[in-house]
Amino acid sequence: MELPKCMKCGEGRLVPLSDYGTDGASVLFKAWVCVNPVCGFSLRIDKGQVTFGKKLEPNR
C-alpha cells in the first residue's frame with residue numbers, strides 16, 4: 001500500500017492510525033498523521049466529527 005503524500009508539508013507521508021470505540025470495537029483508520037515531526041498534520045474522526053490541522057502532541 002502506497003501511503004499518500006502530505007499536502008501540507010509536501011515532504012512527509014500520511015500514515016493511518018486505528019483505535020477502539022466506546023464499545024470495544026476496532027475503528028480502522030480513525031486518524032491519519034504526517035510522519036514529518038516538523039509538520040505534524042493530522043486528520044481525525046471523533047464521534048462522527050472530522051477534524052484536521054491540529055498538531056498531535058505526545059501524551060504524557
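What counts and how
All chains use their own residue numbering, which begins from 1 and follows the written sequence. Where totals are concerned, whole chains, interfaces and linings use all residues; where local detail is concerned, this predicted model gives features only for residues with pLDDT of at least 70, and gives and counts side-chain atom pairs only at 80 or more. Side-chain descriptors were evaluated using all non-hydrogen atoms of the structure, hydrogens and water having been removed beforehand. Per the convention used, a helix needs a DSSP run of H or I reaching at least four residues, while a strand needs a run of E reaching at least two, with both numbered from the N terminus. What makes two residues a contact is simply this: any of their non-hydrogen atoms within 4.5 Å. Two kinds of site are reported from a 1 Å grid over the protein atoms alone, namely cavities, where a 1.4 Å probe fits but cannot get out, and pockets, open sets with protein on both sides within 12 Å along at least five of seven lines, and residues are called lining when an atom falls within 4 Å of a point. Grid points are joined across faces, edges and corners, and a volume is the space filled by probe spheres set on the points. Between Lys or Arg on one side and Asp or Glu on the other, a salt bridge is scored when a side-chain nitrogen of the former is within 4 Å of a carboxyl oxygen of the latter. Exposed residues in this analysis have more than 50% of their type's maximum accessible area, buried residues have under 20%, and partly exposed residues fall in between, with area computed by a 1.4 Å probe over protein chains only.

K.L.:
Can you help me understand the environment of valine 50 in this one?
P.N.:
Within the secondary structure, valine 50 is located in strand β4 (residues 49-52). Taking the C-alpha atoms as reference points, valine 50 and methionine 7, separated by 43 residues in sequence, lie 17 Å from one another. If near-sequence neighbours (up to four positions away) are discounted, valine 50 is found in contact with Leu43, Arg44 and Ile45.

K.L.:
Is there a simple way to explain the layout of surface pockets in this structure?
P.N.:
Summary: where empty space remains is shown by rolling a probe the size of a single water molecule over the atoms. Volume-wise, the largest pocket comes out at about 150 Å³. Lining the largest pocket, in full, are Tyr20, Gly21, Thr22, Val27, Phe29, Lys30, Ile45, Asp46, Lys47 and Gly48. Mapped by element, the contributors of at least two residues to the lining of the largest pocket are β2 (26-34) and β3 (42-46). Take the lining of the largest pocket: its biggest share by element is three residues, from β2.

K.L.:
Honestly, the pattern of salt bridges in this entry has me stumped. Any pointers?
P.N.:
Close approach of charged atoms allows side chains with opposite charge to pair. Applying the stated rule across the entire model yields two salt bridges. Where aspartate 46 meets lysine 30, a salt bridge forms, and the shortest distance between an N and an O atom there is 3.3 Å. On the criterion of sequence distance, the pair formed by aspartate 46 in strand β3 and lysine 30 in strand β2 is long-range, its members being 16 residues apart. Under the relative-accessibility criterion, lysine 30 is labelled buried at 17%. For arginine 44, the salt bridge goes to aspartate 46, with nearest N and O atoms at 2.8 Å. Since its relative accessible area comes to 27%, aspartate 46 is described here as partly exposed.

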